[in-house]
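# Notes for the structure review
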Amino acid sequence: QKEVEQDPGPLSVPEGAIVSLNCTYSNSAFQYFMWYRQYSRKGPELLMYTYSSGNKEDGRFTAQVDKSSKYISLFIRDSQPSDSATYLCATQGGSEKLVFGKGTKLTVNP
Amino acid sequence: DTEVTQTPKHLVMGMTNKKSLKCEQHMGHRAMYWYKQKAKKPPELMFVYSYEKLSINESVPSRFSPECPNSSLLNLHLHALQPEDSALYLCASSSRDRALGFHTDTQYFGPGTRLTVL
């Protein structure tokens, strides 16, 4: 079993939709959770960083962590065509290595 | 400012060439990373420098040689590469505050160098 599982999609939604992106992880040592957005042929851009269970909100983006079920989510409200990208979840705990999910490719259609 | 810069943006090289990729950050970060990313895959860690010392080498072939001349710069020297080494090479940095430990180690990525080996 991979340490971090993420459905690669692709996911296609109409503009204005609420998008839900999810990852599960297996290692209880993971304590820190990140979401990166990567546009085609660009480097990953840090979107959200969370440490504890619960929600963290930043504008249209909400990151959610449930450590009891080892489940992390990213919600995008009022999705825009400019949100079309690949979204990578990543976790870290006890070492300097990030463990990435495979990434979910999102397309928001105008 | 959370900017990591990388040069060149694109590089095409033959299997006998020697070239270098460069990465720079001015955020005062003390950890710098090289990743390799193939199409439709997540980044794969290659090397980590912490306080200018190599701390992780993920069993990368010796045709890739990292160098950290100072706390702001990171180079990746390339020699005798193979076509399968063609990929997006990403540099990242993180603060690595010794007082606070790994939980401050949010990694910020550069735009990458797209390498093609012919």
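Here goes a summary of the coordinates provided. (Residues numbered from 1 in each chain as written. Chains lettered and ligands numbered in written order. Predicted model: local features only at pLDDT ≥ 70, side-chain atom pairs only at ≥ 80, totals over all residues. Heavy atoms only, no water.)

## What about the nonpolar core?
By size, the foremost hydrophobic cluster in this structure holds 24 residues, and its most contacted members are Trp 35, Ile 72, Leu 74 and Tyr 87 of chain A. Elements with a minimum of two residues in this core: strand 3 (19–25), strand 4 (32–38), strand 5 (45–50), strand 7 (61–66), strand 8 (71–76), strand 9 (85–92) and strand 11 (104–109) of chain A. Take this core: its biggest share by element is 4 residues, from strand 3 of chain A. With residues near it in sequence (within four places) discarded, Ile 72 of chain A still touches Leu 21, Asn 22, Cys 23, Tyr 25, Phe 33, Trp 35, Gln 64, Val 65, Cys 89 and Thr 91 of chain A. If you look at the next biggest cluster of nonpolar residues, it comprises 23 residues, including Val 4, Leu 21, Leu 78 and Leu 81 of chain B. (Core = buried A, V, L, I, M, F, W, Y, C linked by side-chain atoms within 4.5 Å. Buried < 20%, exposed > 50% of the residue type's maximum accessible area, 1.4 Å probe, protein only. Helix = DSSP H or I, 4+ residues; strand = E, 2+ residues; numbered from the N terminus. Contact = heavy atoms within 4.5 Å.)

## Topic: the pairing of strand 5 of chain A
All names here are of chain A. Both strand 4 and strand 5 contribute to a ladder of 5 bridges, which runs antiparallel. Within strand 5, the residue paired with Trp 35 across the bridge is Met 48. Adjacent in sequence and paired antiparallel, strand 4 and strand 5 are bridged by 6 residues, among which Arg 41 carries a positive phi angle near 65°. (Pairing = 2+ DSSP bridges.)

## So, the interface of chain B and chain A
On the chain A side, the residues contacting the 24 residues of chain B number 19 residues. Between chain B and chain A, the buried area comes to about 1,700 Å², and carbon and sulfur atoms account for 58% of it. Along the contact surface separating chain B from chain A lie 1 salt bridge. For Lys 97 of chain A, the salt bridge identified is with Glu 58 of chain B, shortest N-O distance 3.0 Å. Across the chain B-chain A interface, the total number found is 4 residue pairs in polar contact (both at pLDDT 80 or more). The greatest single-element share of the side of chain B that touches chain A, amounting to 3 residues, is contributed by strand 4 (residues 31–37) of chain B. For the side of chain B that touches chain A, the class distribution of residues is 13 nonpolar, 7 polar and 4 charged. (Buried area = accessible area lost by both parts, 1.4 Å probe. Salt bridge = Lys/Arg side-chain N within 4 Å of Asp/Glu carboxyl O. Polar contact = N/O pair within 3.5 Å; in protein donor to acceptor, adjacent residues only side chain to side chain. Nonpolar A, V, L, I, M, F, W, Y, C, P; charged D, E, K, R; others polar.)

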